[in-house]
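# A structural walkthrough
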Amino acid sequence: MGRSVSLIVRPDGASWSAWSPQCPGLAMVQPAGAELRDVLPEVLGWYFGQDTEIELQVHHERELHGVVLRIAQDAQLYERERLAGQLAEALGEAGQRARMRSEPVSAGGEVTLVGALQSDRISWLAAQMDDNDVLVALLPVAESMLWAVRFGTGTGAGQDDAVIPLAAYSGDATLGEVTRTFAGPRQHLRI
């Protein structure tokens, strides 16, 4: 198994962009999603050279009611898309929408929610973050409830009571384990 590299992909107006928090300088922009997919092997070959032991994890971002939702394109895509639908329904309520928009912002200056599952690991979340970044892990915890907790990296994490430093957990800990033992600040969204 090779080194895991997260690639974040998003539409930016009329174009598509991709970058990796773990790989400084790895960024690209193309006029369409298909063109981005076409040049991706060439760009990765340029960046990594002969290092063929790369396990690419693609995460797609989209804007949803004023927040950015990031969904991993993996074997659990169906569950993650279901979570996105639940979030869209929850954000249909003005009070919940306002609370989520007021969350701490990511390194890109946005409120970024990551569609997570109980089996996802802290290391999986960390691989999607820049230095001094904040992401909101969003997990389904009941048929009609979503759980949101803010995780941060860097020196600012933990100074804001609403942001939990990733370093507080082992990289192997699952987000399900965190939800069962977590006693800090969190939000519940009703669907």
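Higher on the page you've got the structure.
Residues numbered from 1 in each chain as written. Predicted model: local features only at pLDDT ≥ 70, side-chain atom pairs only at ≥ 80, totals over all residues. Heavy atoms only, no water.

By the element assignment, L56 lies in strand 4 (residues 54-64). Its relative accessible area of 31% is what places L56 among the partly exposed residues. Put simply, L56 and L7 are 49 residues apart on the chain and 6.9 Å apart in space, counted from C-alpha to C-alpha. Setting aside residues no more than four positions away along its own chain, L56 makes contact with V5, L7, L40 and L44. (Helix = DSSP H or I, 4+ residues; strand = E, 2+ residues; numbered from the N terminus. Buried < 20%, exposed > 50% of the residue type's maximum accessible area, 1.4 Å probe, protein only. Contact = heavy atoms within 4.5 Å.)

Locating H59 in the fold gives a position in strand 4. Judged by its relative accessible area of 1%, H59 is buried. Excluding anything up to four places from it in sequence, H59 contacts S6, L7, I8, V9, R70, I71, A72, W124 and Q128.

What follows concerns the environment of Q118. Along the chain, Q118 falls in the loop between strand 6 (112-115) and helix 4 (122-126). In the structure, Q118 is positioned 61 residues away from T179 in sequence and 8.2 Å away in space, judged by C-alpha atoms. Excluding residues that lie within four positions of it along the chain, Q118 makes contacts with L139, P140, V141, T174, L175, G176 and T179. At 2.9 Å, the side chain of Q118 and the backbone oxygen of P140 are in polar contact. Among the polar contacts made by the side chain of Q118, one reaches the side chain of T179 at a distance of 3.4 Å. (Polar contact = N/O pair within 3.5 Å; in protein donor to acceptor, adjacent residues only side chain to side chain.)

With that settled, consider the nonpolar core. Within the largest apolar cluster, 19 residues are counted, with the highest numbers of intra-cluster contacts made by I122, L125, A137, V149, F151 and L175. For this core, the secondary-structure elements that each account for two or more residues are helix 4, strand 7 (134-142), strand 8 (145-152) and helix 5 (175-181). In this structure, V67, L87, L113 and L138 belong to the second largest nonpolar core, which totals 15 residues. (Core = buried A, V, L, I, M, F, W, Y, C linked by side-chain atoms within 4.5 Å.)

A few words on the pairing of strand 1 (residues 3-12). Pairing analysis gives seven bridges linking strand 1 to strand 4, with the strands arranged parallel. Paired with S6 across the two strands is Q57, which belongs to strand 4. Where strand 1 and strand 2 (residues 15-19) come together, five bridges link them in antiparallel fashion. Looking across to strand 2, one finds that I8 is bridged to W19. The turn joining strand 1 and strand 2, which pair antiparallel and follow one another in sequence, is formed by two residues; a positive phi near 65° is taken by G13. (Pairing = 2+ DSSP bridges.)

Applying the stated rule across the entire model yields three aromatic pairs. With centroids separated by 4.9 Å and ring planes inclined at 75°, the aromatic side chains of Y47 and F48 adopt a geometry described as edge-to-face. Judged by its relative accessible area of 11%, F48 is buried. Summarising the aromatic geometry, the rings of F151 and Y169 are spaced 6.2 Å apart at their centres and angled 75° between planes, so their arrangement reads as edge-to-face. Highlighted residues: F151 in strand 8 and Y169 in the loop between strand 9 (163-165) and helix 5, separated in sequence by 18 residues. Residue F151 is classed as buried on the basis of its relative accessible area, which comes to 0%. (Phe/Tyr/Trp six-rings, centres within 6.5 Å; stacked < 30°, edge-to-face > 60°.)

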